[in-house]
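Below, each chain spelled out in residue letters.
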Amino acid sequence: MTLYRPDVLREIDEAFADQPVVLTIGGVIREMLALVGRKPNHLYSLDAMGQTVAIGLGLALGLEEEQRHAKVVVVEGDGSLLMGFSVLATVGALKPSKLVVAVVDNGVYLATGGQPTAASTTDFVQVALDCGWAAARDVPSEMAALRDALDWARAAAGPILLRIRVGTEQPKTDFFLEDPVLLAREFEAWLRKNVARRLV
Amino acid sequence: MHATGASASLEQRSQAVVAGLEAVDPHFVLYLPSSTLKLVLAHFLPGGPGHRSGRRVFPIPREEEGISILSGLALAGRRAVMIFQDNGVGNLLTALLTFPQPYHVPLFGIVTRRGGLGEYNSMIHTVSERTEALLDAAGVRWFQLDARTPIGDWASTIERAHTYACTTHRPVFVLVNLMSG
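All values derive from a computational prediction rather than experimental measurement. (Residues numbered from 1 in each chain as written. Chains lettered and ligands numbered in written order. Predicted model: local features only at pLDDT ≥ 70, side-chain atom pairs only at ≥ 80, totals over all residues. Heavy atoms only, no water.)

Asker: Even after reading the chapter, I still don't get helix α5 (residues 87-94) of chain A, so can you show me in this structure?
Answerer: One turn of the α-helix equals 3.6 residues, which is why residues spaced by three or four share an orientation. For α5(A), the tally of buried residues reaches 6 of 8 residues, placing the bulk of the element in the interior. Downstream of α5(A) by one or two residues, Lys95(A) has phi in the positive range, about 50°. (Buried < 20%, exposed > 50% of the residue type's maximum accessible area, 1.4 Å probe, protein only. Helix = DSSP H or I, 4+ residues; strand = E, 2+ residues; numbered from the N terminus.)

Here it is, written out as structure tokens:
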């Protein structure tokens, strides 16, 4: 059995409905929008391939002392993770306790035509553990196992990496063409509701 | 009368950069390796006077990774700076122009200059002398501190450049020449 990526995204959204969630580029954003609509706690990284986990790392470090945000979630693809792979070492060194990275792994660059990535020969879980992450799991391709893993990730201390293998089937979705300034401001405004700090 | 940057030693220039950064008072200091930045980094690393409770100082392996971490920190409302060398500017351009620049996220970087007068490396000028052109082509705002700038103005320029990044909602870099140029 292979998990369907939209089903996985819906479960992640439900598991972390009131926490900051950083979404990687391409189909992940478009499918999440089609499933649950635009949400203020979702940060849509429209084209920063390879940078999603690092953005989430900065958020997790910055929100470490905020009570309201128990977790900072990153939904990353295998191709994008491999493009910024050094961040696994940085996360392991800094150990941000709120960071949860869900690697939705279909083994290909789906948005650009399905070219293979190096994911099939890369053990993301072992690399994360060797880099010093608090925990990492390969999630069996069953919905019950996915829900168990997300429940565990909600409660356990991070940084946590979940590798979730999905198929390459994808629904037809529209392009998302919003002004990125609005995306940043909406997300920031949502964070600011309970964070009084200003940069200056 | 203030000394010019030209008559200031590496120690004086480094102290001026440190004074500017301490005026910014960053919660997070991200750094990449640089021999010319050694004195500045020593201030923030364990054993240095700038290594204190409430401030996190850590290395990053690539400039583009630093840009993204800075972006997350800025969205979380934290003051942060990345300190790196100008031959890494090329590494960060795509990350800069696909997230903080189009999303209007304020970032701040101290970029040490290589190449030019005082350079001892036979190769590094090939990339470093093009730093301004690269940043201009990318539409990134920068300020320069070198031999032409009175050393007494360096710290306040660094502090004001950080404020300018915040008030104009974009990345701003200060290029600092710690060598004799």
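Asker: Please explain the interface of chain B and chain A as it appears in this structure.
Answerer: Interfaces are frequently sized by the accessible area removed from exposure as the parts join. Contact residues are listed per partner, giving 29 residues for chain B and 34 residues for chain A. Interface area for chain B against chain A, summed over the two sides, is near 2600 Å², with a carbon-plus-sulfur share of 63%. Three residues, Arg56(B), Leu75(B) and Tyr103(B), lead the burial of chain B against chain A; their summed loss comes to 26% of the area buried on that side. Where chain B touches chain A, the interface holds 1 salt bridge. Our enumeration of links across chain B and chain A arrives at 11 residue pairs in polar contact (both at pLDDT 80 or more). For the side of chain B that touches chain A, the secondary-structure elements that each account for two or more residues are β2 (56-59), α3 (63-75), α4 (89-98), α5 (100-103) and α8 (154-167) of chain B. The element contributing the most residues to the side of chain B that touches chain A is α3(B), with 8 residues. Broken down by class, the residue content of the side of chain B that touches chain A amounts to 16 nonpolar, 7 polar and 6 charged. (Contact = heavy atoms within 4.5 Å. Buried area = accessible area lost by both parts, 1.4 Å probe. Salt bridge = Lys/Arg side-chain N within 4 Å of Asp/Glu carboxyl O. Polar contact = N/O pair within 3.5 Å; in protein donor to acceptor, adjacent residues only side chain to side chain. Nonpolar A, V, L, I, M, F, W, Y, C, P; charged D, E, K, R; others polar.)

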